[in-house]
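Residue-level structure breakdown
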Amino acid sequence: MLLLLLGSIVFSSWLTLSFKLVEKFGINTFQAIVFNYITCVITGSFVNGAFPINNEIMGEEWFRWAMLMGTIFISLFNVIAKTAQTMGVAVASVGNKLSLVIPFLFSIYLYNEEATIFKIVGVVAALIAVVLTCWPAPGHVEPSGKVVKTAYFLLPVILFVASGLLDTMIKYVETTYISEANQNAYLISAFAAAASIGIISLIFLFTTGRIKFEPKAVVAGVIIGIPNYFSIWCLMGVLKAFAGNSSAIIPINNMGIVLFSTVAAFFMFKEKLTKLNWMGIVLSIAAIALIAYG
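So, here is what we can say about the structure in this document. (Residues numbered from 1 in each chain as written. Predicted model: local features only at pLDDT ≥ 70, side-chain atom pairs only at ≥ 80, totals over all residues. Heavy atoms only, no water.)

**As for the overall build of the protein**
Definition in use: Helical segments are the DSSP runs of H or I of at least four residues, strand segments are the runs of E of at least two, and each set is numbered from the N terminus. Put simply, the radius of gyration uses C-alpha atoms, and a globule should come to 2.2 Å times the residue count raised to 0.38.
Assigned secondary structure in the protein consists of twelve helices and zero strands. Counted from the first residue to the last, the protein has its helices and strands arranged as α-α-α-α-α-α-α-α-α-α-α-α. Its C-alpha radius of gyration of 19 Å places the protein within 12% of the 19 Å reference for a compact globule of 294 residues. Projecting the C-alpha coordinates of the protein onto the three principal axes gives extents of approximately 50 × 45 × 30 Å.

Okay, here's the thing in C-alpha cells:
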C-alpha cells in the first residue's frame, strides 16, 4: 500500500508541475486540460477492460456523484493551472492541499475516527507549514515576470475550498458506494463527465474562432492524462486499504504532494524559496510524522 501512497503523491505533484511546462512550451492550457480528460477515459477503459458506461451504470446511485465529481474536476483543474502559471507551483500546491483540514474534520465527524492530540498538533503544524511554504518574498511577481493581479490572490482560497470538498466527496463515495468491482467504472464516469464538458466548451471556442486547434495540446493532454487517472486510482486504493484511518492518510498524502512539488519546482523551474519557505518544508515533514503516527 506504500506504493499506492507514493504513486498518489508523485502523480498528483506531476499534474501541478505539468502546467508550468504547458506554459513554457506555449500550449493552450484549456485544450491540454480537455485532452487530458479524454486520455483519462481511454486509460481507464484499458484498465477496466472496456468502456463501462451504459444504461445500467447510469442507474447506479453513485453515477450522479461521478457526474458531480467530473464537473468539479475540470473546474478545479483550470484554477490549479492558472495559479501555477501566475503564482508558482508551490503556491498552487499549497492552496490545493492546504484543504487537508476539511476532509480531516469530516472524517472525525462522519466516521467517528479518533482525533488524538498528536494528530491535532500535526494538522496545526501542517497549516503553519503550508503558509510558510508559500509565503511570498518581498516584491513578489509571477514567474513570468509580470506583476501578480490582486484577483489572483483569491485563487488559493478557491483551491482550498474546492479541493477540500472534493477530497471529502471522494472519501464519502469510496466509503458508501465504491468496491473493487465498480471503482474503475466510477472513475471513468467522472472523467467522462469532465471530458464531455470540455469537449462542448472546445467546440464552442473553435466554432466562434476564439481559439485555434493545437495538435501539441493533444500530446500535452496525453502526458498529463495518464498520470491524472492513476493519481485518483492510487488515492482511492489507499483510502480503501486504510478505511479506518483516512483522517491520517489524506493529510499525509496532501502534505507529501506539497513537499514533493515544491522541491521539484525549485529544481525544475528555479522557483525561488526564502528561508521561511524552507522552514515550511521542514515543518511539513514533522507534521506528516505527527499525523501519521499520532
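**Quick look at the packing of aromatic side chains**
We count it as follows: We call Phe, Tyr and Trp rings a pair once their centres come within 6.5 Å, taking the six-membered ring for Trp, and we label the pair stacked below 30 degrees between planes, edge-to-face above 60, and tilted otherwise. Here, over-ring charges are defined by two tests on the NZ atom of lysine or the CZ atom of arginine: distance to the ring centre within 6 Å, and angle to the ring normal within 35 degrees.
Taken as a whole, this structure holds 17 aromatic pairs when the rule is applied. Relative to Y177, the ring of Y172 has its centre 6.3 Å away and its plane inclined at 85°; by these criteria the two rings are edge-to-face. Every member of this aromatic cluster is reached through a ring pair, and the members are F11, F19, Y37, F73, F77, F191, Y229, F230 and W233. Its end group placed over the ring of F269, K20 keeps NZ or CZ at 5.9 Å from the ring centre.

**Structural notes on the state of the cysteines**
Defined as follows: Disulfides are defined as cysteine sulfur pairs within 2.5 Å.
Tallying each qualifying case throughout the model produces zero disulfides. A disulfide-free cysteine, C40 has its sulfur positioned 13 Å from the sulfur of C234, the nearest such atom.

**Some words on a nonpolar patch on the surface**
What counts is decided by this rule: To count toward a patch, a residue needs a relative accessible area above 30% and no salt bridge. Like charges then connect within 9 Å, nonpolar side chains (Val, Leu, Ile, Met, Phe, Trp, Tyr) within 5 Å. In this description, accessible areas are obtained by the Shrake-Rupley approach with a 1.4 Å probe, and a residue is regarded as covered only by the protein chains that are shown. Salt bridges are defined by distance alone: a side-chain nitrogen of Lys or Arg within 4 Å of a carboxyl oxygen of Asp or Glu. Burial status follows relative accessibility: with a 1.4 Å probe on protein chains alone, a residue under 20% of its type maximum counts as buried, one over 50% as exposed, and anything between as partly exposed.
Taken together, F106, Y109, L110, V157, V161 and L165 make up a surface patch of nonpolar side chains, about 590 Å² in accessible area. Elements with a contribution of two residues or more to the nonpolar patch: helix 6 (101-111) and helix 8 (155-176). As for its position among the elements, L110 is in helix 6. Here L110 falls in the partly exposed class, since its relative accessible area comes to 41%.

**Description of empty space enclosed by the protein**
So the rule is basically this: Cavity means a closed set of points on a 1 Å grid over the protein atoms alone, one where a 1.4 Å probe fits but cannot get out, pocket means an open set with protein on both sides within 12 Å along at least 5 of 7 lines, and lining means a residue has an atom within 4 Å of a point. Grid points are joined across faces, edges and corners, and a volume is the space filled by probe spheres set on the points. Each residue gets one label: Ala, Val, Leu, Ile, Met, Phe, Trp, Tyr, Cys and Pro are nonpolar, Asp, Glu, Lys and Arg are charged, and the others, such as Gly, are polar.
Per the stated rule, a full pass over the model turns up one cavity of 30 Å³ or more. Lining the largest cavity are 24 residues, with S12, L15, N96, K97 and I232 sitting closest to its centre. Among the elements of the structure, helix 1 (2-24), helix 4 (63-87), helix 5 (89-97), helix 8, helix 10 (215-241) and helix 11 (246-269) are those that each provide at least two residues to the lining of the largest cavity. A breakdown of the residues in the lining of the largest cavity according to their chemical character gives twelve nonpolar, ten polar and two charged.

**As for the nonpolar core**
The cut-off we apply is this: Here, nonpolar core refers to any group of buried Ala, Val, Leu, Ile, Met, Phe, Trp, Tyr and Cys residues whose side-chain atoms link them within 4.5 Å.
The biggest cluster of nonpolar side chains holds 78 residues, and the ones touching the most others in it are Y37, M69, F73, Y186 and F191. One finds L17, V89, A264 and A265 within the second-largest nonpolar core, a separate group that totals five residues.

**Quick look at the pattern of salt bridges**
A full pass over the atoms with the stated rule returns one salt bridge. The salt bridge involving E23 is made with K20; its shortest N-O contact spans 3.9 Å. Here E23 pairs with K20, and both are found in helix 1, just three residues apart, close to one helical turn. E23 sits in the partly exposed class, given a relative accessible area of 33%.

**Some words on the packing of helix 4 against helix 9 (residues 183-207)**
Counted only if it meets this: Orientation is described by lines fitted to C-alpha atoms, with helices fitted over the stretch in contact, and by angles between N-to-C directions that extend from 0 to 180 degrees. Reported orientations rely on four angle classes, namely roughly parallel under 35 degrees, roughly antiparallel over 145, roughly perpendicular from 65 to 115, and oblique for the rest. Left-handed describes a crossing whose near helix is turned anticlockwise from the far helix through less than a right angle; right-handed describes the clockwise counterpart. Residues are treated as being in contact if the distance between any of their heavy atoms lies within 4.5 Å.
Interhelical geometry of helix 4 versus helix 9 gives an angle of 50° and a closest axis separation of 7 Å. Comparing their axes, helix 9 and helix 4 come out oblique. Between helix 4 and helix 9 lies a crossing of right-handed hand. Along the contact surface, helix 4 presents F63, W65, A66, M67, M69, G70, T71, F73 and I74, while helix 9 presents Y186, S189, A190, F191, A193, A194, I197 and G198.

**Here we look at the packing of helix 1 against helix 4**
Between two packed helices, what matters for the description is the angle formed by their axes and the separation of those axes. Running from N to C, helix 1 and helix 4 cross one another at 65°; their axes reach a closest spacing of 9 Å. Of the two possible hands of crossing, helix 1 and helix 4 adopt the one that is right-handed. Residues L15, T16, F19, K20, V22 and E23 of helix 1 lie in contact with helix 4, whose contacting residues are F77, I80, A81, A84 and Q85. Taken together, the residues of the contact of helix 1 with helix 4 sort by class into seven nonpolar, two polar and two charged.

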